[in-house]
Amino acid sequence: MLTGQFALVVAALFSGAALYINVAEQPARLGLDDRSLLAEWKPAYKRGTVMQAPMAIVGFLLGLAAWWQTGHIGWAIGGLLMVANWPVTLFAIMPINNRLMATDPAAAGPESRAMIKRWGSLHAARTALGFAASLAFLWASLA
């Protein structure tokens, strides 16, 4: 089933990108001084949003389409896990994003550093949702 396999690929790509942010990009940027940290975080966040937000929606839609085609609940679960990234982002992460985006890098300091650390912890939830969706899609693929 091609639709389901595309859903799995999208979820795996989303998960890999999210994991990269948590294990490589975020630790590397935390080694910067406060001003450089915020200056690096801003464009990286914008680029990540352009990539990951659509992938969450596409994974959701492909998962639902595969569920509709096969009736296997794993596709629906995976799709719902993918789209769960949106409310997590909007309600948990977006308030921090907005504060960081409104902060001038020249005004960066311990508070902005603490927010970026918190952002990284919250982003780990997105990573976990992506991997959970990938596992649900893999389970449905093997059925």
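Residues numbered from 1 in each chain as written. Predicted model: local features only at pLDDT ≥ 70, side-chain atom pairs only at ≥ 80, totals over all residues. Heavy atoms only, no water.

### Observations concerning helix H4 (residues 85-102)
Next, step 1: Where H4 bends most, at Ile93, the angle is about 60°, and the proline Pro95 comes one to four residues later.
Next, step 2: Regarding H4, the residues found buried are Asn85, Thr89, Ile93, Ile96, Asn97 and Leu100.
Next, step 3: Taken together, the buried residues of H4 touch helix H1 (2-29), helix H2 (34-70), helix H3 (73-83) and helix H5 (110-142). (Bend = angle between axes of the 7 residues up to and from the residue. Helix = DSSP H or I, 4+ residues; strand = E, 2+ residues; numbered from the N terminus. Buried < 20%, exposed > 50% of the residue type's maximum accessible area, 1.4 Å probe, protein only. Contact = heavy atoms within 4.5 Å.)

### Side note on a nonpolar patch on the surface
Next, step 1: A surface patch of nonpolar side chains, amounting to about 600 Å² of accessible area, comprises Trp67, Trp68, Ile73, Ile77 and Trp139.
Next, step 2: Listed by contribution, the elements that provide at least two residues to the nonpolar patch are H2 and H3.
Next, step 3: Inspection of the secondary structure puts Trp139 in helix H5.
Next, step 4: By relative accessible area, Trp139 is classed as partly exposed at 46%. (Patch = residues over 30% accessible without salt bridge, like charges linked within 9 Å, V, L, I, M, F, W, Y side chains within 5 Å. Areas by Shrake-Rupley, 256 points an atom, 1.4 Å probe, with all protein chains shown as cover. Salt bridge = Lys/Arg side-chain N within 4 Å of Asp/Glu carboxyl O.)

### Describing the pattern of salt bridges
Next, step 1: Scanning the entire structure with this criterion turns up four salt bridges.
Next, step 2: Residues Arg29 and Glu25 are paired through a salt bridge, measuring 3.1 Å at the closest nitrogen-oxygen approach. Of the two residues, Arg29 and Glu25 are both situated in helix H1; the distance of four residues between them amounts to about one turn of the helix.
Next, step 3: Here Asp34 ties to Arg113 by a salt bridge, and the two come within 2.5 Å at their closest N and O atoms. Highlighted residues: Asp34 in helix H2 and Arg113 in helix H5, separated in sequence by 79 residues.

### Let's talk about the side chain of Ser112
Next, step 1: With respect to the helices and strands, Ser112 occurs in helix H5.
Next, step 2: Judged by its relative accessible area of 5%, Ser112 falls in the buried class.
Next, step 3: One polar contact links the side chain of Ser112 to the main-chain carbonyl oxygen of Gly109, over a distance of 2.9 Å. (Polar contact = N/O pair within 3.5 Å; in protein donor to acceptor, adjacent residues only side chain to side chain.)

### Digging into the environment of Val9
Next, step 1: Positionally, Val9 belongs in helix H1.
Next, step 2: According to the relative accessible area criterion, Val9 is partly exposed, its value standing at 45%.
Next, step 3: Residues Val9 and Thr103 lie 94 residues apart in sequence; the distance between their C-alpha atoms is 36 Å.

### Examining the environment of Pro87
Next, step 1: Mapping Pro87 onto the fold places it in helix H4.
Next, step 2: Remark: the alpha-carbon pair of Pro87 and Val50, spanning 37 residues in sequence, is separated by 16 Å.

### A look at the layout of surface pockets
Next, step 1: Approximately 390 Å³ is the volume found for the largest pocket.
Next, step 2: Taken together, 26 residues form the lining of the largest pocket, with Tyr45, Gly48, Thr49, Gln52 and Arg126 sitting closest to its centre.
Next, step 3: Of all the secondary structure elements, the ones that give two or more residues to the lining of the largest pocket are H1, H2, H4 and H5.
Next, step 4: For the lining of the largest pocket, the element with the highest residue contribution is H2, accounting for 11 residues.
Next, step 5: Here the lining of the largest pocket is built from residues that sort into 14 nonpolar, seven polar and five charged. (1 Å grid on protein atoms, 1.4 Å probe; cavity = no way out; pocket = protein on both sides within 12 Å on 5 of 7 lines; lining within 4 Å. Points joined across faces, edges and corners; volume = space filled by probe spheres on them. Nonpolar A, V, L, I, M, F, W, Y, C, P; charged D, E, K, R; others polar.)

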